[in-house]
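# A closer look at the structure
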Amino acid sequence: MGSMYQVQSKLRQDLGLHKVQAVRKPGYELNGTKAYVSAMARYGFNPTKESRFFHLKKTDLTKESQRPGYTRHWEQLVKAPKQRPDDPHKDNEPVPAEDQQYDTQYLCEIGIGTPPQKVKLDFDTGSADLWVRSSLHAKKFDPKKSETFKRKTDQTWKIQYGDGSTASGTVGTDVITVGGLQIKNQAIELANKVSSAFSSGEADGLLGLAFSKINTIESHGKPDPQPTPVENMVSQEDIPKETELFTSAFYSARDNESAEKSFYTFGWIEQDLVKASGVDIAWTPIDNSDGFWMFPSESATVDGENVPLSGNTAIADTGTTLALVSDTVCKALYAKIPGSKYSYQYQGYIIPKTITTDQLPQLSVAVGGKQFIIQKEDLLLGPADNDHWYGGVQSRGTMSFDILGDTFLKSIYAIWDQGNNRFGAVPKIEVNQHTVFPTTDGEPADL
């Protein structure tokens, strides 16, 4: 590790690299149900328990689709009434796009173009597109003002939600600057046409940090995935292999001072956090064949009791708020939390607000061969209603792998080493963390 740090320190000094602050979105309120529904929309899974929100199979019966040998089927994310209907498959309505969008809590500033135009983006290790608002009514990046922008006339992109809402546009390449590091020839997806659900909000767009297999760019109507920023970083000859990585550190939203400490780095590891952990970085190889940061996660423990999960895998995803695990782990966890129960209305496990930190169990999950503890306070995501917390750990439903989002990632310092195809981590447990949010009056907005 010593030689790696030396190379990173030299690059950091030569290029003036610095942390990219991950700033909490103004006015962002943790809503557990919305976070869960967002994950369902993102990954297409269904819950395994009776739930208000689910994917319903649809058949296109429009005149245009009725031609020999053709029937269009798709799944639509729908919601049933709060009170259980007799037949949820008949008594339901589509979930609006604004309740399906990416649920990331943080915004990070980067520069696009020459001279750099500053934009605030969601950094997302569960997707692989870099798109930015560029429509006339919501322009955040103007390619005409960049000396290095090159339009790709044959490429387009489009994101579509189950209710028909879309974001789409054209593609070009340009230089981006992230934490002082310049990345060249980066595909920039310009959102020229956006539904109202996309054109509102604080984020100017999204920066995907997964792998290009899941990039959505097309050429002449056929998939033509383009490299992500980190993949381009890896291919640049002026960036040494020891620096072909990025890192992330997230802190509690309950403490205003801690919330401002969250950050990413590109090209270097924050050695102080590694030293503070008292242990070496635990590395595990990743499987990126499906485009994600996936690794083995074959065990969990709840208050020291082992939960074997033979063959289980997990992905680390900064674009998901919750930690979504198997029903086996959920059952073992919530059996140890007094008064907790599954709620049909809120689509997840809820916990009485009378709970104390001492009453919460210690949960750890495996990353490769090492287990990492999830901070007890993060088992309480946020208010479900005036009397209950929404659990930060929930069921992954019909998904075949775990999705370890912010609930888990806040408890570690994560090193995303793309150049060496591995994921590293050290513990990062906060000694003192509140269980009360800065503002908890009233109930969260209903979906």
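The following refers to the structure shown. From a predicted model like this one, the values you see are computed outputs, not experimental measurements. (Residues numbered from 1 in each chain as written. Predicted model: local features only at pLDDT ≥ 70, side-chain atom pairs only at ≥ 80, totals over all residues. Heavy atoms only, no water.)

Bringing the overall build of the protein chain into the picture now. Along the protein chain, the regular secondary structure elements total 8 helices and 32 strands. In the protein chain, which comprises 447 residues, the share counted as buried stands at 57%. Contacts in the protein chain between residues at least 24 apart in sequence constitute 69% of all its contacts with a sequence separation of at least 6. For the protein chain, the accessible surface area stands at approximately 19300 Å², while carbon and sulfur atoms represent 47% of it. (Helix = DSSP H or I, 4+ residues; strand = E, 2+ residues; numbered from the N terminus. Buried < 20%, exposed > 50% of the residue type's maximum accessible area, 1.4 Å probe, protein only. Contact = heavy atoms within 4.5 Å. Areas by Shrake-Rupley, 256 points an atom, 1.4 Å probe, with all protein chains shown as cover.)

So, about the pattern of salt bridges. This model, assessed by the stated rule, comprises 9 salt bridges. Salt-bridge contacts for Asp317 lead to Arg42; the nearest nitrogen and oxygen are separated by 3.1 Å. Here Asp317 is found in the loop between β21 (313–316) and β22 (323–325), whereas its partner Arg42 is found in helix α2 (residues 32–43), with 275 residues between them in sequence. Here Arg42 falls in the partly exposed class, since its relative accessible area comes to 21%. Among the ionic contacts, a cluster of salt bridges with common partners joins Arg42, Asp124 and Asp317. (Salt bridge = Lys/Arg side-chain N within 4 Å of Asp/Glu carboxyl O.)

Another aspect to go through is the sheet that holds strand β16 (residues 263–266). Pairing is antiparallel in the open sheet, where 6 strands are placed in the order β1-β16-β15-β31-β32-β17. The sheet terminates laterally at β1 (20–21) and β17 (282–285), the two strands that pair on one side only. For strand β31 (residues 412–417) and strand β32 (residues 422–427), the ladder comprises 6 bridges, and the chain directions are antiparallel. Paired with Ile412 across the bridge in β32 is Pro427. (Pairing = 2+ DSSP bridges.)

The next subject is the packing of aromatic side chains. Here the structure, examined in full by the defined rule, presents 21 aromatic pairs. Here the aromatic rings of Tyr334 and Tyr349 are separated by 4.3 Å at their centres, their planes lie at 5°, and the arrangement is stacked. Placement of the pair is Tyr334 in helix α7 (residues 327–334) and Tyr349 in strand β24 (residues 348–352), with a sequence separation of 15 residues. For Tyr334, a relative accessible area of 7% corresponds to the buried category. Clustering of aromatic rings is evident, with ring pairs tying together Tyr106, Phe123, Phe211, Phe246, Phe250, Tyr264, Phe266, Trp293, Phe295, Trp416 and Phe423. Here the guanidinium or amino end of Lys49 rests over the ring plane of Tyr342, the centre of that ring lying 5.5 Å away. Residue placement shows Lys428 over the ring face of Tyr251; its charged tip is 3.9 Å from the ring centre. (Phe/Tyr/Trp six-rings, centres within 6.5 Å; stacked < 30°, edge-to-face > 60°. Lys NZ or Arg CZ within 6 Å of the ring centre and 35° of its normal.)

All right, on to the side chain of Lys410 then. Note that Lys410 resides in the loop between α8 (406–409) and β31. Excluding its chain neighbours within four sequence positions, the residues that come into contact with Lys410 are Tyr106, Phe250, Tyr251, Ser252, Asp378 and Lys428.

As a further point, take the pairing of strand β20 (residues 305–308). Across 4 bridges, strand β19 (residues 299–302) lies against β20 in antiparallel orientation. Bridging across to β20, Val302 finds its partner in Glu305. Connecting β19 to the antiparallel partner β20 that follows it, the hairpin turn spans 2 residues, and Asp303 within it adopts a positive phi of roughly 50°.

Take the pairing of strand β15 (residues 246–249) next. The side-chain alternation of β15 yields two buried faces, one formed by Phe246 and Ser248 and the other by Thr247 and Ala249. In the sheet, β15 pairs with β31 via 3 bridges, with the strands oriented antiparallel. Following the sheet pairing, Thr247 is matched in β31 by Ile415.

Look at helix α1 (residues 2–15): 20 Å from first C-alpha to last across 14 residues, which is about the 20 Å you get at 1.5 Å a residue. What α1 keeps buried is the set Met4, Tyr5, Gln8 and Leu11. What you see down the axis of α1 is that its buried residues fit within an arc of 130°, all on one side. Exposed residues on α1 whose side chains face more than 90 degrees from its buried face are Ser3, Gln6, Lys10, Gln13 and Asp14. Considering only its buried residues, α1 is in contact with α6 (271–277), β31 and β32. With its phi angle positive at about 70°, Gly16 sits one or two positions after the end of α1. (Expected span 1.5 Å × (residues − 1). Arc of directions from axis to C-beta.)

One finds Phe123, Tyr264, Phe266 and Phe423 to be the most contacted residues of the largest nonpolar core, which totals 70 residues. Aside from chain neighbours lying at most four places away, what touches Tyr264 is Lys19, Val20, Ala22, Cys108, Phe123, Leu209, Phe246, Thr247, Ser248, Phe250 and Thr318. Ranked by size, the runner-up nonpolar core spans 23 residues in total, among them Ala35, Phe45, Phe53 and Leu381. (Core = buried A, V, L, I, M, F, W, Y, C linked by side-chain atoms within 4.5 Å.)

This brings us to α7. An α-helix turns once every 3.6 residues. As a result, residues three or four positions apart point the same way. What α7 keeps buried is the set Val329, Cys330, Leu333 and Tyr334. Down the axis of α7, the buried set is contained in an arc of 115°. They therefore lie on one face.

With antiparallel pairing, 4 strands are arranged side by side in an open sheet as β23-β24-β28-β27. Since the sheet does not close on itself, it has two edges, and those belong to β23 (341–343) and β27 (380–383), each with one partner. Across the sheet, the axes of successive neighbouring strands diverge by a mean angle of 45°, strand direction being ignored. Across 3 bridges, β27 lies against strand β28 (residues 388–391) in antiparallel orientation. Each bridged residue has a counterpart across the sheet, and for Pro383 the counterpart in β28 is Trp389. (Axes fitted to C-alpha atoms, helices over the stretch in contact; angles between N-to-C directions.)

Another aspect to go through is the environment of Gly405. The topology assignment puts Gly405 in the loop between β30 (402–404) and α8. The exposure class of Gly405 is buried, given its relative accessible area of 0%. Taking the C-alpha atoms as reference points, Gly405 and Thr318, separated by 87 residues in sequence, lie 5.5 Å from one another. The contacts of Gly405, once residues within four sequence positions are left out, are Asp317, Thr320, Thr321, Leu322 and Ala323.

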